[in-house]
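Topology and contacts: notes
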Amino acid sequence: MTNNDIRNIFNRIAPVYDRLNDWLSLGQHRIWKDMTVKWSGAKPGDTSLDLCCGSGDLSFVLARRTGSTGRVFGVDFSPELLEVAKSRAQSQSPRSPITWVEADVLNLPFDDNCFDAATMGYGLRNVTNIPQSLKELHRVLKKGSRAAILDFHRPNNPQMRAFQQWYLDNLVVPIASYMGVKDEYAYISPSLDRFPTGSEQVEIGRQVGFTTVTHYSLMNGMMGVLVLMKS
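What you see is a predicted model; the values in this text were computed from it and never measured. (Residues numbered from 1 in each chain as written. Predicted model: local features only at pLDDT ≥ 70, side-chain atom pairs only at ≥ 80, totals over all residues. Heavy atoms only, no water.)

Here we take up unusual backbone geometry. Of note, M219 is a non-glycine position whose phi angle comes to about 55°, a positive value. Tracing the sequence through the fold places M219 in the loop between β6 (212–218) and β7 (223–229). Of the residues examined, M219 reaches a relative accessible area of 31% and is grouped as partly exposed. You will see that N220, though not glycine, has its phi angle at about 55°, which is positive. Within the secondary structure, N220 sits in the loop between β6 and β7. Looking at N220, the relative accessible area reads 61%, which means it is exposed. (Helix = DSSP H or I, 4+ residues; strand = E, 2+ residues; numbered from the N terminus. Buried < 20%, exposed > 50% of the residue type's maximum accessible area, 1.4 Å probe, protein only.)

So, in structure tokens, the structure goes:
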């Protein structure tokens, strides 16, 4: 699947993206996103980056954490999802200091060493070149800064793997069908099959230059957070 194919998928699912994320994550994705922002080490006054920001959930959490003296850049290559994020930002209280940027995570429009913290939610699994995306992330982070990347995974445990597939086939895809985006959400299962395991992600992170890399498994292996530090 090409970069344009993936962009088109996310453009089409933009109107139902948040509701389907609730179903896909058993309603838990907001808790995991809060955990991800904490693992990123973002603090008041920081300049932070949210890659593959989608409709803005992680960007809003980052903005609350970095405060009025901080700055957040939400990056996505889907203009439709960015429009959803911008609309949601109008209802945030206090108004979030977020700059929305349409860009590709494989070629970020930022200088070297300019971010204090970074996050990515459900994006790494969908990029066409994972090492290149992590290399770009390493480039734009300041020394001593961290990034935290949240995503779905295939569990190693056969029973949990079978449950995950049953859930996708019998709940997520039918709900997506009802909302008119069946084909777009059918891509999730093959994307999970292609996604590197936690230990493989750790190795890729080290290969592109991160010195401390840890993968935290959540939900019996169905979810994970990759935490990377640049020194």
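Time to look at the environment of K38. Note that K38 resides in helix α3 (residues 29–40). Separated by 81 residues in sequence, K38 and T119 have C-alpha atoms that sit 9.8 Å apart.

This brings us to the packing of aromatic side chains. By the definition in use, this model includes 8 aromatic pairs. Centroid distance Y122 to F152: 4.6 Å. Interplanar angle 20°. Geometry classified as stacked. Here Y122, found in the loop between β4 (115–121) and α6 (130–140), pairs with F152, found in strand β5 (residues 141–152); they are 30 residues apart in sequence, far enough to count as distant. The rings of F73, F110 and F115 are connected pair by pair, giving a single aromatic cluster. (Phe/Tyr/Trp six-rings, centres within 6.5 Å; stacked < 30°, edge-to-face > 60°.)

With that settled, consider the state of the cysteines. By the definition in use, this model includes 0 disulfides. Lacking any disulfide linkage, C52 is separated from the closest cysteine sulfur, that of C53, by 8.2 Å. (Disulfide = S-S within 2.5 Å.)

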